[in-house]
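# Close look at the chain arrangement
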Amino acid sequence: MKTGRVVLLVALLALLLVQARLPAQPRPIRVGGTLPLTGVFAAQGKVHEAAGRAFVQMMNEKGGLLGRPLEWVLLDDESQPDKAAALYERLITEDKVDLIIGPYGTAAITAAMRVAEKYGYVFPHHTASLTYAYTYRRHFPTWYVGLNTHITTPSKVFDAYLSLPPGQRPRTVGFVVNKFPGTQFLAYGRANTGGAVRIAQQKGLRVVLDVQFDLGTTDWIPVAQQVRRANPDLLYVAGLALDGVNLLQALAQLGWRPRHHFYQWPSPGAMLTALPLTDRATSVTIFVPHEPYLSNPGARDFVNRYRAWAKATGLAYSEPDVQSAASWSAWQVLTFGVQECRCLDHARIAEVLLSKPVPTVQGYLKFDPQQQNYGDDIQAVMQIQDGRWWAVWPRQLAAEGRRLR
Amino acid sequence: MSELRIWGAIAGVLVGLLLVPTVVRALGLPAYYLVFLYFYFFWVAQATSWNLISGYAGYFSFGQGAFYGAGVYGAAVLIDRHGVPYGLAILAGAAVSALIASAIGVVTFRLRQIRGPVFALVTLAVALAMHSLANNVSYLDGGRGIPLPKLSYPFGLSDVEFLYYAGLGVGLVAVAMGWWTYRNRHGWGLRAIHDDERVAEGLGVPTFAYKMGALALSGALAGLSGGLHALQIRYVTADAVFSLRVPLLVIMMCVLGGRRHWLGPLVGAGVIHALNDRLSGPGLSSLSEVLMGLLLMVVVAALPEGISSHLRQRGMAAGLVGLSGLGVALVARLAFLDALAIGIAVAVVFLVLRTHRFALGPWHRSKAREVEAARG
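Each residue is numbered by its place in its chain's sequence as written, counting from 1. To read the labels, note that chains go from A and ligands from 1, taken in the order they are written. Local features in a predicted model are, by the rule used here, given only for residues with pLDDT of at least 70; side-chain atom pairs are given and counted only at 80 or more, and totals for whole chains, interfaces and linings are based on all residues. Heavy atoms throughout the structure, all of them, feed into the side-chain values; hydrogens and water do not.

Further remarks concern the packing of helix H1 (residues 3–27) of chain B against helix H6 (residues 159–183) of chain B. All names here are of chain B. The axes used here are C-alpha line fits, helices contributing only the stretch in contact, and every angle between their N-to-C directions lies in the interval 0 to 180 degrees. In DSSP terms, a helix is any run of H or I states spanning at least four residues, a strand is any run of E spanning at least two, and both are numbered starting from the N terminus. Packing of H1 against H6 leaves a shortest axis separation of 11 Å and a crossing angle of 170°. Our classification of the angle between H1 and H6 gives roughly antiparallel. Here H1 contributes Leu-14, Leu-17, Leu-18, Val-20, Pro-21, Thr-22 and Arg-25 to the contact with H6, which in turn contributes Glu-161, Tyr-164, Tyr-165, Leu-168 and Leu-172. Partitioned by chemical class, the residues of the contact of H1 with H6 number 9 nonpolar, 1 polar and 2 charged. Throughout this description, any angle smaller than 35 degrees is read as roughly parallel, any larger than 145 degrees as roughly antiparallel, any in the 65 to 115 degree range as roughly perpendicular, and the remainder as oblique. Should any heavy atoms of two residues lie within 4.5 Å, those residues are considered in contact. Each residue is assigned to one class: nonpolar for Ala, Val, Leu, Ile, Met, Phe, Trp, Tyr, Cys and Pro, charged for Asp, Glu, Lys and Arg, and polar for all the others, Gly among them.

Let us now look at the sheet that holds strand E2 (residues 70–76) of chain A. Residues and elements named next belong to chain A. Taken together, the 3 strands give an open sheet; going across it, the order is E2-E1-E3, and neighbouring strands pair in parallel fashion. Of all the strands in the sheet, just E2 and strand E3 (99–100) have a single pairing partner and so form its edges. Strand pairing requires that DSSP identify at least two bridges connecting the strands. In this structure, strand E1 (residues 29–35) lies alongside E2, joined through 7 bridges in parallel fashion. Considered in E2, the bridge of Gly-32 is made with Val-73.

Residue and element names in this part refer to chain B. Mapped onto the elements of the fold, His-261 is located in the loop between helix H11 (245–257) and helix H12 (263–278). Burial classification: accessible surface area is computed with a 1.4 Å probe over protein chains only, and a residue below 20% of its type maximum counts as buried, one above 50% as exposed, and the rest as partly exposed. When its relative accessible area of 9% is taken as the criterion, His-261 is described as buried. Sequence-distant contacts of His-261, that is, excluding residues within four places in its chain, are made with Asn-51, Tyr-56, Tyr-182, Ser-308 and Arg-312.

The subject of this paragraph is the pattern of salt bridges. Opposite charge on two side chains permits them to pair, given that their charged atoms come into close proximity. Salt-bridge detection follows one rule: a side-chain nitrogen of Lys or Arg within 4 Å of a carboxyl oxygen of Asp or Glu. Counted by the stated rule, this structure contains 31 salt bridges over all chains. A salt bridge links Asp233(A) to Arg259(A), with the shortest nitrogen-to-oxygen separation between them at 3.0 Å. Residue Asp233(A) is found in the loop between helix H8 (221–230) and strand E8 (234–241), and its partner Arg259(A) is found in the loop between helix H9 (243–253) and strand E9 (260–266); the two are separated by 26 residues along the sequence. The exposure class of Arg259(A) is partly exposed, given its relative accessible area of 42%. In this structure, a network of salt bridges that share partners links the residues Arg90(A), Glu94(A), Asp95(A), Asp277(B), Arg278(B) and Asp338(B).

Across the contact, 39 residues belong to chain B and 37 residues belong to chain A. Put simply, buried area is the surface a 1.4 Å probe can reach on two separate parts but cannot reach once they are joined, added for both. Between chain B and chain A, the buried area comes to about 3,200 Å², and carbon and sulfur atoms account for 50% of it. Arg245(B) is the salt-bridge partner of Asp82(A), the closest N and O atoms lying 3.6 Å from each other. What qualifies as a polar contact is a pair of N or O atoms within 3.5 Å, subject to a donor-acceptor requirement within protein and to the restriction that residues adjacent in sequence count only when both atoms come from side chains. Summed over the shared surface of chain B and chain A, the result is 12 residue pairs in polar contact (both at pLDDT 80 or more). When contributions to the side of chain B that touches chain A are tallied by element, the ones reaching two or more residues are helix H2 (32–56), helix H5 (117–136), H6, helix H9 (207–233), helix H10 (238–241), H12 and helix H13 (284–302) of chain B. The element that contributes the greatest number of residues to the side of chain B that touches chain A is H2(B), accounting for 4 residues. A breakdown of the residues in the side of chain B that touches chain A according to their chemical character gives 16 nonpolar, 14 polar and 9 charged.

Given below as structure tokens:
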């Protein structure tokens, strides 16, 4: 008994000695953020979580940030904006994180941005569509759609379709719009400007249908019937996630197939699993895993690491897409600011980001305070062809040999 | 304890609560403590609001989502579209909620067949209709959401401090409302209705008036708290506001805390909010739902009248056990709110273990006493 105690004591002392002799690990740089890990947006949250985790792992393998390991303090906002705002308050004042990164979705980002502004934190974020509302000088959007996305986005889409040879060009358009803040803004604009419906008319397209549906709609037949009756040349679905696939399946049941079809923010993987219904579907993007995008800063790292991480964690769709690219870009923006100023001072990080072009997988981003830090709309129109997504418009961003069909 | 001591203790707690922001600011403590407490007051108000009609009177309601949502949208629309000062807008939101609740009451309480599950379904339908209304009427929202403008608060208070004080005010109003209703003739009448409405009617309880009063109060309180919460949400969208999250959490809080007493919502809100808040990390958040489900099952089986009823008998012991848990967690260098959650969890486990009663059979409870009391 006595011997046992002595052995235990010696072992304990030895352990303490070994620990004391180990070189002290540098304190990690802690980045706080929330994502919808549960709740209605959990599927999208998982994509952003995968991108963030893969990025942090890459940084740490390459020696961390400023010679210190990078740590992501991630919390679940349950897809609720009020909870997101509260958790950012917690991350900044209780957990005392060094930096923060935005949550997913317009509502949560808008709520969290007010907290970031109160404490003067640099706030990179990736999926907010309420561009006009963001006056905070230190917010850095990385879904780079320009300040007037309600004008530029639909203009780009219609320009792409109107570039088709005369015989294939659509003359009528039908709108199916989700009653979701972002899609409403894109479809109907703001303060009597922009919006896909108005832009379509300005471009000479005849609007033959404008129908809205609720988020979480499960019975698509009534909407599909209206679409079939209107029989538009171009079906414009201002929806998100699975809206497009659901509508196409309902349309197929009614025996109708769109000649041309566009989807605002679909789940790219789900669109591919629904082939051939989704063949030639289009959407907008800031990144597609082919040239010229693969030549952008960090793009190959992103593609390889995201694929590996997504496969290892069992994500349903492991190809990098617009969501994961926006997320990865936000991490690139944040770490670029820190590396360039060699500091964790938010004022200085912000000044760096406002004064230099920031290298990201979408290209070099110039944050312009005159444009509420949104610069030009650099989106491309992408299309499903031969079972894959390809950028097809404008021509300088199109994959080699690919054009809109 | 003499009445003087009770009032002295209440005054002490109130002064303490009023001083919290000053202490937080003076000691440089995390401002999140105020946010944490604000959310606690919010849940207390919402849970008390549900308890007034569902706990006391037994009319199980899913209307909480509608009342809360009407308060949020009432305040947000008035602030954003009409530039109404937020204080007035919040009160107007509460009035709108009370009106909606009264309208539901006028229709449903007149029909004898709308009781039990049918009443629950009617209130759920109202909440769904409100969601649809907000999404479709462009004056309200039209699916675009309402971003609230930046607001300034009196006496140089930060938004967090303002929300703390306003939340405290609403929370106190809720507790006072729950306590007052519980203690007076109205409360006895409501509990008699809960036990057997026909008998209560036969004994002369004005059931329609009592139920209407409880539902209107419930709506007003939920709307008041919802209106204030619009300032916390900052960007109001129909899908977030009219989700089932608020009514489900509120029901869970009341069942856990105890439905037939004013103390129930305070206790239930504390337990659920503390656990939910601390289990927000990846993996933990899914775990929190499992944990809360398990906790609910154990408490319903072991303490069918809710934690508060046993807390009233063993409050001192449970408090000491909880404080010991908190102390040990603090010594183990856990953050204060983590330690607090552990303290609360330990106190709940203590109460469950100490009770030794698993009500797996029918719940035998004498109803005659309360019916008799209502009559008197």
